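Residue-level listing of the chains:
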Amino acid sequence: MSTDAADRTAATAMPRADGSQPLVQTRQSGTDLYVYPEGAVGALAAGKVDHELFNVTGLVRQGYDDAHTKKLPLIAVYDGSVNVARSAPPVPRGADRSLVLGSIGAVALAAGKEQAAAFWSDVTGTDPRARSVAGGLKKLWLDGKVRANLERSTKQVAATAAGYDGKGTKVAVLDTGTDLDHPDLRGRVTASKNFTDSDTDADRQGHGTHTISTVGGSGAESGGAKKGVAPGAELLSGKVFDDGGYGLDSWIIAGMEWAALAKADVVSMSLGDPSQTACDDPLAAAAERLSQQGPLFVVAAGNSGPGNNTVSSPGCAASVLTVDAVDRDDRTAVFSSRGPAGLQHTLKPEIAAPGVGISAAAAGGRGVYAYQSMSGTSMATPHVAGAAAIVKQRHPDWSAQQIKAALVGSAATAVPGDVREAARRSSTPVPAPPGNSPRRAPRARSSS
């Protein structure tokens, strides 16, 4: 692959072993170059293969080029004829199976590049001897890489005015792990699990410690001044990003399944895949299906603003509560992704919260270094997750969708912006049950 002075990208296909030149088609989308081999056209047309598998620019950007890895991570999604949880389907030649993702009927694979031809033959069923491998296979996706996107801010969302602290509720935070020895988090996390290829569930990057302390840190190192929104909630920490702050889609889905199985009331996800905005990908599918199992998934809209239609997956999923970021003056942050979202043009995000210059616990920090400031929709998301825990404490019989409706319907609406920006600011004073209010909630603007 090469790029000329005008930023035009070109790719040259390597000759086959017999010296013949393979036929390929190319497509430029923005700065990304897609290269489609002749043998893949049929599978692509049938919707059996993710186009991102052929995004050469994107593959290089994620470190999936030959110089950096000998295997390509994939997610194989099967139809209803295959129960992956009961009996995992046969593994194609040249691949290793890792996680089983029961929520979407999928398994994660690592396909060796040296046996790519045999692998492709197996998954497409072109080799009669291996058609059992392709049986029930619905679509093959790239297992893409995702990057992890107080006292004044907690007052800004009115957390201190509600008179509740989230006690009796359970909030799972899926991020880079947690510094469990930080004074603000010591004894606060009841379960911690690592879903990555890191050798520890500890936070070596800092993002996770910051977000989980915003949800429910005690503020001990600041004399209580920097406590989180719901300091009484039970906290769970799922490490879905490695020590460099990157995570695979399959790791995140596995973390979401773990949180649902642990019966978390709220799942805070300060993350998103900016390459997936159509909302037809495995992350979005998992968020939608797991939302029906009980938890309220609170997800960052993304930091790809200020353009419209930039809400990333899984924040684009209809059932999740998608969060935009505002500054201290309630103005939408310029980096916040805007809606609408997905192919259905869903009105997203539904709510906004402080996400600029947020001070919260620093991993490894103590004393004067105990806190650090960060900005992003990642910082706004845990504010809303904590607010959701407070509403759940006040109304333990409410469903996730009732909590979502209550938060959106009761949030402050006197905020500038249109329906594509997040027109509401999170406000936790506990509202009346949804359906009992005489007024209809106004439309919201999107955030990320």
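Since the model is a prediction, treat every value here as computed from it, not as a measurement.

(A) Expanded view of the overall build of the chain. On a plain count of helices and strands, the chain comes out with 10 helices and 19 strands. When each of the 448 residues of the chain is scored for burial, the buried share is 55%.

(B) Examining the sheet that holds strand S17 (residues 351-354) more closely. Taken in spatial order, the 7 strands of this open sheet run S11-S12-S10-S14-S15-S16-S17, and their pairing is parallel. The strands lining the two open edges of the sheet, one partner per strand, are strand S11 (189-194) and S17. Along the sheet, successive strands turn relative to each other by an average axial angle of 25 degrees, direction set aside. Alignment of S11 against strand S12 (residues 234-239), held across 5 bridges, turns out to be parallel. For Lys193, the partnering residue across the bridge sits in S12 and is Gly238. Relative to strand S10 (residues 170-175), helix H6 (residues 207-216) is tilted by about 160 degrees, and along the sheet it contacts S10, S11, S12 and strand S14 (266-269).

(C) Spotlight on the pattern of salt bridges. As enumerated under the stated definition, the model contains 12 salt bridges in all. We note a salt bridge from Asp327 to Arg331, for which the minimum N-O separation is 3.0 Å. In this structure, Glu350 and Lys404 form a salt bridge, with 3.1 Å as the shortest nitrogen-oxygen distance. Residue Glu350 is located in the loop between strand S16 (321-326) and S17, and its partner Lys404 is located in helix H10 (residues 400-410); the two are separated by 54 residues in the primary sequence. In terms of burial, Glu350 and Lys404 fall into one category: buried. Each of the salt bridges in this network shares a partner with another, and the network as a whole consists of Asp199, Arg204, Lys239 and Asp243.

(D) Region of interest: the confidence of the model for the chain. In this model, the chain carries a mean pLDDT of 86, and residues with pLDDT of at least 70 account for 85%. Contacts of residues 428-448 to residues separated by more than four positions or lying in other chains number 93 contacts, the stretch itself having pLDDT below 50.

(E) Here's a closer look at the state of the cysteines. Scanning all chains against the criterion turns up 1 disulfide. At a sulfur-sulfur separation of 2.2 Å, the disulfide partner of Cys279 is Cys316. What sets the handedness of the Cys279 and Cys316 disulfide is the S-S torsion sign, and at about 95 degrees it is right-handed. Highlighted residues: Cys279 in the loop between S14 and helix H8 (282-291) and Cys316 in the loop between strand S15 (296-300) and S16, separated in sequence by 37 residues. Overall, Cys316 belongs to the buried group, its relative accessible area being 2%.

(F) Seen up close, H6. Of all 10 residues making up H6, 10 are buried, and the element is well covered by its neighbours. Of all the positions in H6, only His207, Gly208, Thr209, His210, Thr211, Ile212, Ser213, Thr214, Val215 and Gly216 are classed as buried.

(G) Geometry of the environment of Ala262. Tracing the backbone through its elements, the reader meets Ala262 in the loop between helix H7 (249-261) and S14. With 26 residues separating them along the chain, Ala262 and Leu236 place their C-alpha atoms 9.0 Å apart. Not counting residues up to four positions away in its chain, the partners in contact with Ala262 are Lys170 and Leu236.

(H) Spotlight on the environment of Ala406. Tracing the backbone shows Ala406 in helix H10. Residue classification places Ala406 among the buried residues on the basis of a relative accessible area of 5%. Expressed as a C-alpha distance, the spacing of Ala406 and Val391, which sit 15 residues apart in the sequence, is 8.2 Å.

(I) Structural detail: the nonpolar core. Ile252, Met256 and Met269 are the most contacted members of the largest nonpolar core, which totals 60 residues. For this core, the leading source of residues is H7, giving 8 residues. When sequence neighbours within four positions are dropped, the list of residues in contact with Met269 reads Leu174, Ile252, Met256, Phe297, Val298, Val299, Ala300, Pro314 and Thr381. Counting 34 residues, the second largest nonpolar core, distinct from the first, contains Ala233, Leu235, Ala380 and Trp398.

(J) Region of interest: the packing of aromatic side chains. Throughout the structure, instances matching the rule amount to 4 aromatic pairs. Relative to Tyr36, the ring of Tyr34 has its centre 6.2 Å away and its plane inclined at 25 degrees; by these criteria the two rings are stacked. The burial state of Tyr34 is the same as that of Tyr36; both residues are buried. Residue classification places Tyr36 among the buried positions, given a relative accessible area of 7%. Here the basic side chain of Arg27 rests over the ring of Tyr34, its NZ or CZ set 4.2 Å away from the ring centre. Lys226 extends its terminal NZ or CZ atom over the ring of Tyr371, reaching a point 5.5 Å from the ring centre.

The rules behind each value
Residues numbered from 1 in each chain as written. Predicted model: local features only at pLDDT ≥ 70, side-chain atom pairs only at ≥ 80, totals over all residues. Heavy atoms only, no water. Helix = DSSP H or I, 4+ residues; strand = E, 2+ residues; numbered from the N terminus. Buried < 20%, exposed > 50% of the residue type's maximum accessible area, 1.4 Å probe, protein only. Pairing = 2+ DSSP bridges. Axes fitted to C-alpha atoms, helices over the stretch in contact; angles between N-to-C directions. Contact = heavy atoms within 4.5 Å. Salt bridge = Lys/Arg side-chain N within 4 Å of Asp/Glu carboxyl O. pLDDT = per-residue confidence, 0-100. Disulfide = S-S within 2.5 Å. Core = buried A, V, L, I, M, F, W, Y, C linked by side-chain atoms within 4.5 Å. Phe/Tyr/Trp six-rings, centres within 6.5 Å; stacked < 30°, edge-to-face > 60°. Lys NZ or Arg CZ within 6 Å of the ring centre and 35° of its normal.

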